[in-house]
Amino acid sequence: MTSLTRHDVAQMVDHTLLKPEATHADVEKLIADAARLGTFSVCVSPSMLPIQTPENLKVAVVCGFPSGAVPTEAKAAEAAWCVNNGADEVDMVINIGAAKEGNWDAVREDIVAVKKACGDVLLKVIIESAVLTDEEIVKACEASVAAGAEFVKTSTGFHPAGGASVHAVELMRRTVGKQLGVKASGGIRDAETARAMIEAGASRLGLSGTEAVLDGWE
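Residues numbered from 1 in each chain as written. Predicted model: local features only at pLDDT ≥ 70, side-chain atom pairs only at ≥ 80, totals over all residues. Heavy atoms only, no water.

A. Main features of the layout of surface pockets. Reported here for the largest pocket is a volume of approximately 410 Å³. Thr16, Gly157, Gly186, Gly187 and Ser208 are, among the 21 residues lining the largest pocket, the residues nearest its centre. The residue inventory of the lining of the largest pocket, partitioned by class, reads six nonpolar, twelve polar and three charged. (1 Å grid on protein atoms, 1.4 Å probe; cavity = no way out; pocket = protein on both sides within 12 Å on 5 of 7 lines; lining within 4 Å. Points joined across faces, edges and corners; volume = space filled by probe spheres on them. Nonpolar A, V, L, I, M, F, W, Y, C, P; charged D, E, K, R; others polar.)

Here you go:
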């Protein structure tokens, strides 16, 4: 992992702006910065769609964000709307309450419905790992695999319990193996932390302070 170049790391980054007060002008700057930094994608809120990006810059959009406490039908409809308005990837939040109750059928069915709405568009499943026990993290990842998602993701970055942790990423990677990607997101503000997440098994990083991380990598 230590042999990764700045470009390699940039191509693992979803350059992210999800602040509720973000404007379309802020998103235009996000896109320009992402193009300059060479990131894989930008990650934005659904209300910002549709947006124009350079051909090699993907558009990721959040769904059921940030609580996940949205009826499945509404979450699936939101995902479908995002896809129809240019999303290349969808980052959905699971029903965290159902996970805490141990209702894994509900968690899985929620993901299945959103994946169906996404069609061929890549789906990342945000499990909000900081509020889950190790057993619940494993169960949430297993539900994501069973539902046909392509990625599991640690965090929204909005929960007061915290964001990504090395332990959670290691556990998620161990659970999904090579079947799914693992995205570490939330609280990654420097190259040292980013490196630790990658070495733990992250294949994608959600960053808002992308430039600082990449500059530190050099």
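B. Up close: the packing of helix H7 (residues 166-176) against helix H8 (residues 191-200). With their axes 8 Å apart at the nearest point, H7 and H8 run at an angle of 25 degrees to one another. Relative to H8, the element H7 lies roughly parallel. Once H7 is placed against H8, the crossing between them reads as right-handed. Touching Val166, Val169, Glu170 and Arg173 of H7 are Ala196, Met197 and Ala200, all from H8. Looking at the contact of H7 with H8 residue by residue, the classes come out as five nonpolar, no polar and two charged. (Axes fitted to C-alpha atoms, helices over the stretch in contact; angles between N-to-C directions. Helix = DSSP H or I, 4+ residues; strand = E, 2+ residues; numbered from the N terminus. Parallel < 35°, antiparallel > 145°, perpendicular 65-115°, else oblique. Left-handed = near helix turned anticlockwise from the far one by under 90°. Contact = heavy atoms within 4.5 Å.)

C. Spotlight on the packing of aromatic side chains. Per the counting criterion, the structure on display carries one aromatic pair. Look at Phe65 and Phe158: their rings are 5.2 Å apart centre to centre, the planes differ by 85 degrees, and that puts the pair in the edge-to-face class. Here the residue Phe65 occupies a position in the loop between strand S3 (58-63) and helix H3 (72-84), and Phe158 occupies one in the loop between strand S6 (151-153) and H7, the gap between them amounting to 93 residues. For Phe65, a relative accessible area of 22% puts it in the partly exposed group. In this arrangement the basic side chain of Arg195 is found over the ring face of Trp217, its NZ or CZ atom lying 3.9 Å from the centre. (Phe/Tyr/Trp six-rings, centres within 6.5 Å; stacked < 30°, edge-to-face > 60°. Buried < 20%, exposed > 50% of the residue type's maximum accessible area, 1.4 Å probe, protein only. Lys NZ or Arg CZ within 6 Å of the ring centre and 35° of its normal.)

D. Looking closely at the nonpolar core. The biggest cluster of nonpolar side chains holds 69 residues, and the ones touching the most others in it are Ile94, Ile111, Leu123, Ile127 and Leu205. In this structure, Leu123 is in contact with Val90, Met92, Ile111, Val114, Lys115, Cys118, Ala149, Glu150 and Phe151, ignoring residues within four places of it in sequence. (Core = buried A, V, L, I, M, F, W, Y, C linked by side-chain atoms within 4.5 Å.)

E. Structural detail: the pattern of salt bridges. A complete count under the given rule lists 16 salt bridges for this structure. Across the pair Arg6 and Asp215 runs a salt bridge whose closest N-O atoms are separated by 2.8 Å. In this pair, Arg6 is assigned in helix H1 (residues 6-10) and Asp215 in helix H9 (residues 210-217), connecting sequence segments 209 residues apart. For Asp215, a relative accessible area of 41% corresponds to the partly exposed category. Residue Glu89 pairs with Lys124 through a salt bridge whose shortest N-O separation is 2.5 Å. Of this pair, Glu89 sits in strand S4 (residues 89-93) while Lys124 sits in strand S5 (residues 122-126), and the two are 35 residues apart along the sequence. (Salt bridge = Lys/Arg side-chain N within 4 Å of Asp/Glu carboxyl O.)

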